[in-house]
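Structure assessment
These are the residues of each chain, in order.
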Amino acid sequence: MLLLALGFRLLFLLAMPRVLDTADAIHYVETAEHLAQGNIFGYDPKIPPLYPLLGACAHLVIADMEWACRMVSFFASILTVIPVFLLAKDLHGLGAARISALIVALWPWLADYACRVSTEATAVLFWFTALWLFTRGIRRGGWTLYASPFAYFGLALIRPEGLFIALCTAPAALLLTWEGKRPHLKRYLPFAGILLTLVVANTLYIRQF
């Protein structure tokens, strides 16, 4: 499925020439350039930093910053196959996981944004990764329970609405899984504690600008 996703996105990339067609794309490239130069205070604090930071890291091996950011989207879109497959397998079995992975591999919207300087592809990867880690952690415990708040926080650092998704995940899941009996309440506490600590620390950091 990963190879299929790679091939489908390569066809999109070759068939549809790309330009920086949005103001956001320009800001992401500019922010990535600041971060690549080590200037962590010289950019607009309203721009979520994680996608430009990943672009700055890709710039270590890709000379052109625009293409470095575009390749972050490209590979993030391909890797989305993995958490979608794992989530569907945990919830509905292997057959549903294969179908879900096939849909992700061939979904035109995902292929389109894989070829853009934009946050959508990376946000989708973090969102499904966070959701898989969270559902597995709440149901079974283990390391995924403690990794999930970091994935949700990463989503919040990619898209502004990611903060609301992160903060609403535990309350919504608690309501949906109550079913008249006591769920694994203790497993929600470390998730909420780690996530709130990260959000508060980030809020205090932003206030320094």
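What comes next is a walk through the structure.

1. Side note on the nonpolar core
In this structure, F134, I138, Y152, F153, Y188, F191 and L195 are the most contacted members of the largest nonpolar core, which totals 23 residues. Residue contributions to this core peak at 6 residues, all from helix α8 (residues 120–140). Not counting chain neighbours up to four residues away, the residues in contact with I138 comprise L145, H184, R187 and Y188. Counting residues in hydrophobic clusters, the runner-up holds 16 residues, among them L13, V84, L110 and C115.

2. Overview of helix α5 (residues 81–92)
For α5, with 12 residues, the first-to-last C-alpha span of 16 Å sits near the 16 Å given by 1.5 Å per residue. Those residues of α5 hidden inside the fold are in contact with α1 (2–15), α4 (65–79), α6 (94–106) and α8. Following α5 by one or two positions, G93 adopts a phi angle in the positive range, close to 100 degrees.

3. Quick look at the packing of aromatic side chains
For the structure shown, the criterion picks out 9 aromatic pairs. Here W132 and W143 contribute two aromatic rings whose centre-to-centre distance is 6.5 Å and whose plane-to-plane angle is 70 degrees, an arrangement assigned as edge-to-face. With a gap of 11 residues between them, W132 in helix α8 and W143 in helix α9 (residues 143–156) connect regions that are remote in the sequence. Taking 6.2 Å as the distance between ring centres and 65 degrees as the angle between the ring planes, the aromatic pair formed by F134 and Y188 counts as edge-to-face. With F134 in helix α8 and Y188 in helix α11 (residues 185–206), this residue pair connects regions lying 54 residues apart in the sequence. There is no split in this pair, since F134 and Y188 are both buried. Feature note: the residues F134, Y152, Y188 and F191 constitute an aromatic cluster, connected by ring pairs. Residue placement shows R116 over the ring face of Y113; its charged tip is 5.4 Å from the ring centre.

Conventions and cut-offs
Residues numbered from 1 in each chain as written. Predicted model: local features only at pLDDT ≥ 70, side-chain atom pairs only at ≥ 80, totals over all residues. Heavy atoms only, no water. Core = buried A, V, L, I, M, F, W, Y, C linked by side-chain atoms within 4.5 Å. Buried < 20%, exposed > 50% of the residue type's maximum accessible area, 1.4 Å probe, protein only. Helix = DSSP H or I, 4+ residues; strand = E, 2+ residues; numbered from the N terminus. Contact = heavy atoms within 4.5 Å. Expected span 1.5 Å × (residues − 1). Phe/Tyr/Trp six-rings, centres within 6.5 Å; stacked < 30°, edge-to-face > 60°. Lys NZ or Arg CZ within 6 Å of the ring centre and 35° of its normal.

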